[in-house]
Amino acid sequence: MELIEVKCVVCGAPIYVYEEYIKENMYCTIHCLNISISSEKEQIV
Ligand SMILES: [Zn+2]
């Protein structure tokens, strides 16, 4: 397995994850995940 550098889609912080765990949207913390979820709700409204 190889560690890949991806960027948090919210704050742009680098995250190192194994290639097989990379998803479309990566978050550095639960906090950034929550920001993303709440902003998606705002866009719908
Ligand atoms: Zn982040």
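So, a few notes on the structure that sits alongside this text. (Residues numbered from 1 in each chain as written. Predicted model: local features only at pLDDT ≥ 70, side-chain atom pairs only at ≥ 80, totals over all residues.)

### A closer look at the overall build of the protein chain
Note the threshold: To qualify as a helix, a DSSP run of H or I must reach at least 4 residues; to qualify as a strand, a run of E must reach at least 2; elements of each kind are numbered from the N terminus. Every C-beta atom is placed from the backbone, and the number of other C-beta atoms within 10 Å of a residue's own sets its class: buried at 20 or more, exposed at 12 or fewer, partly exposed in between. Two residues qualify as being in contact provided that their C-beta atoms, derived from the backbone, are within 7 Å of each other.
Across its full length, the protein chain carries one helix and two strands. C-alpha extents for the protein chain along the principal axes are approximately 40 × 15 × 15 Å. Put simply, the protein chain has 45 residues, and 0% of those count as buried. Partitioning the contacts of the protein chain with sequence separation of at least 6, the portion at a separation of at least 24 is 10%.

### Section: the pairing of strand 1 (residues 3–7)
Put simply, the test is: Here the rule is simple: two strands pair whenever DSSP picks up at least two bridges between them.
Counting buried residues in strand 1 gives zero out of five residues, a small share hidden from the surface. With five bridges joining them, strand 1 and strand 2 (residues 14–18) adopt antiparallel strand pairing. In the sheet register, Glu-5 faces strand 2, and the bridge partner there is Tyr-16. Hairpin connection between strand 1 and strand 2: a loop of six residues separates the two successive antiparallel strands, and Gly-12 in this loop has a positive phi of roughly 80°.

### A short note on the environment of Pro-14
For Pro-14, the location among the structural elements is in strand 2. Assessed through the 9 C-beta atoms surrounding it within 10 Å, Pro-14 is described here as exposed. When the C-alpha positions of Pro-14 and Met-26 are compared, they lie 9.8 Å apart, and in sequence the two are twelve residues distant. In this structure Pro-14 touches Glu-5 and Lys-7, once residues within four positions along its chain are discounted.

### Considering the environment of Asn-34
With respect to the helices and strands, Asn-34 occurs in helix 1 (residues 30–44). In this structure the C-alpha to C-alpha distance between Asn-34 and Val-10, which are 24 residues apart in sequence, comes to 9.8 Å.

Just distances and angles here, no functional claims.
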